[in-house]
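Report on the structure
One letter stands for each residue in the lines below.
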Amino acid sequence: GEDVEQSLFLSVREGDSSVINCTYTDSSSTYLYWYKQEPGAGLQLLTYIFSNMDMKQDQRLTVLLNKKDKHLSLRIADTQTGDSAIYFCAESIAPSGSARQLTFGSGTQLTVLP
Amino acid sequence: SAVISQKPSRDICQRGTSLTIQCQVDSQVTMMFWYRQQPGQSLTLIATANQGSEATYESGFVIDKFPISRPNLTFSTLTVSNMSPEDSSIYLCSVETAGVGNEQFFGPGTRLTVL
């Protein structure tokens, strides 16, 4: 079965880098995603990585994928107070006979301290 | 990307009543989904809303409790029927675009409180 795990909390100082980690179990994942959820808001897609890539960079965001260990990370450079939010990783799988769907991790609450 | 709106944004309902949530997308999309996010929890997929046919429900969710309509490629509704306090959650619709990454974009959610 599919299972996506994240640590629940992370605190960093403003200006430092944040690294949010995620592990998944389904080796058939095609894409892996990072979403951001601010208080009282829906989910904002931040970035995604194709399963045959090992790194993707997009401005302050760097995604690293270790497919052998089924480990995904999101690094936020120069973290700002506006980055405080819950970050969800998600894997895209296609269960046998079913349409492709997302399985979400529990979310990591990132708190940026001044 | 896709711009998604949901109505209502929030509601407080009495036990035993039903609420219908609407989801509108600014472009035609094939895949639309409904998720539930219970307080302090992650997202759980309720069902895939199929245009022109019955929705496909995930384990633990049934059509009698969560009837879904998908009359066209830009609109869907989710009804939460015979509500109880355990149904208090955020309900989110999402759409999958036809882009390279098969990205899913989410609506702002409907925050439901059942008394």
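Here is what the cut-offs are and how they apply
Residues numbered from 1 in each chain as written. Chains lettered and ligands numbered in written order. Predicted model: local features only at pLDDT ≥ 70, side-chain atom pairs only at ≥ 80, totals over all residues. Heavy atoms only, no water. Helix = DSSP H or I, 4+ residues; strand = E, 2+ residues; numbered from the N terminus. Rg over C-alpha atoms; globule rule 2.2 N^0.38 Å. Buried < 20%, exposed > 50% of the residue type's maximum accessible area, 1.4 Å probe, protein only. Areas by Shrake-Rupley, 256 points an atom, 1.4 Å probe, with all protein chains shown as cover. Lys, Arg positive; Asp, Glu negative; His and termini not counted. Charge placed at Lys NZ, Arg CZ, Asp CG, Glu CD. Contact = heavy atoms within 4.5 Å. Buried area = accessible area lost by both parts, 1.4 Å probe. Salt bridge = Lys/Arg side-chain N within 4 Å of Asp/Glu carboxyl O. Polar contact = N/O pair within 3.5 Å; in protein donor to acceptor, adjacent residues only side chain to side chain. Pairing = 2+ DSSP bridges. Axes fitted to C-alpha atoms, helices over the stretch in contact; angles between N-to-C directions. pLDDT = per-residue confidence, 0-100. Phe/Tyr/Trp six-rings, centres within 6.5 Å; stacked < 30°, edge-to-face > 60°. Disulfide = S-S within 2.5 Å.

**Side note on the overall build of chain B**
Counting its secondary structure elements, chain B contains zero helices and 11 strands. Helices and strands appear in chain B in the N-to-C order β-β-β-β-β-β-β-β-β-β-β. Over its C-alpha atoms chain B spans a radius of gyration of 13 Å, differing by no more than 12% from the 13 Å that the globule rule assigns to 115 residues. Dimensions of chain B along its principal axes, counting C-alpha atoms only, are 40 × 25 × 25 Å. Residues counted as buried form 54% of the 115 residues belonging to chain B. A total of about 5,400 Å² of accessible surface is found on chain B, and carbon and sulfur atoms cover 49% of it. Separation of charge centres in chain B, based on 7 positive and 9 negative side chains, amounts to 9 Å.

**Structural notes on the interface of chain A and chain B**
It is common to report an interface's size as the accessible area lost on association of the parts. Every contact between the two is made by 18 residues of chain A and, on the other side, 21 residues of chain B. Both sides of the chain A and chain B interface together cover about 1,600 Å² of buried area, and 52% of this is carbon and sulfur. Together, Leu43, Arg100 and Phe104 of chain A form the three largest contributors to the area buried by chain A at its contact with chain B, with a combined 29%. For the pair chain A and chain B, the interface holds zero salt bridges. One can count four residue pairs in polar contact (both at pLDDT 80 or more) joining chain A with chain B.

**Re the sheet that holds strand S7 (residues 68-72) of chain B**
Residues and elements named next belong to chain B. Spatially, four strands are ordered S1-S3-S8-S7 in an open sheet, and the strand pairing comes out antiparallel. The two strands at the open ends of the sheet, each matched to only one other strand, are strand S1 (4-7) and S7. In this sheet, adjacent strand axes meet at a mean angle of 15 degrees when their direction is disregarded.

**Let's talk about the confidence of the model for chain A**
On average, residues of chain A score 90 in pLDDT, and 94% of them are at 70 or above. The secondary structure element of chain A with the lowest average pLDDT is strand S10 (residues 101-104) of chain A, at 88, and the one with the highest is strand S2 (residues 9-13) of chain A, at 97.

**Examining the packing of aromatic side chains**
Across all of its chains, the model carries 13 aromatic pairs over all chains by this definition. With 5.6 Å between their ring centres and 50 degrees between their planes, Tyr35 of chain A and Phe104 of chain A make a pair best called tilted. Here the residue Tyr35 of chain A occupies a position in strand S4 (residues 31-37), and Phe104 of chain A occupies one in strand S10, the gap between them amounting to 69 residues. Linked through ring pairs, Tyr31, Tyr33, Tyr35, Tyr48, Phe50, Phe88 and Phe104 of chain A together with Tyr35 and Phe106 of chain B together constitute an aromatic cluster.

**A look at the state of the cysteines**
All told, the structure shown has two disulfides over all chains when counted by the stated rule. At a sulfur-sulfur separation of 1.9 Å, the disulfide partner of Cys22 of chain A is Cys89 of chain A. The disulfide joining Cys22 of chain A to Cys89 of chain A has a torsion of about 65 degrees about its S-S bond and is therefore right-handed. Here Cys22 of chain A is found in strand S3 (residues 18-24), whereas its partner Cys89 of chain A is found in strand S9 (residues 85-93), with 67 residues between them in sequence. In this pair, the class of Cys22 of chain A matches that of Cys89 of chain A, namely buried. There is a disulfide in this structure between Cys23 of chain B and Cys93 of chain B, and the S-S distance comes to 1.9 Å. The chirality of the disulfide connecting Cys23 of chain B with Cys93 of chain B is right-handed, given an S-S dihedral of about 65 degrees. Separated by 70 residues along the polypeptide, Cys23 of chain B in strand S3 (residues 19-25) and Cys93 of chain B in strand S9 (residues 89-96) bring together distant segments of the chain.

**Here we look at the environment of Thr110 of chain B**
All names here are of chain B. Topologically, Thr110 is positioned in strand S11 (residues 110-114). Accessibility expressed as a relative area gives 0% for Thr110, which makes it buried. Note: C-alpha distance between Thr110 and Gly99 (11 residues apart in sequence) is 26 Å. Those residues in contact with Thr110 that lie beyond four places of it in its chain are Gln6, Lys7, Pro8, Ser9, Arg10, Ile21, Ser89, Ile90 and Tyr91. At 3.2 Å, the side chain of Thr110 and the side chain of Gln6 are in polar contact. Only 2.7 Å separates the side chain of Thr110 from the backbone oxygen of Pro8, close enough to count as a polar contact.

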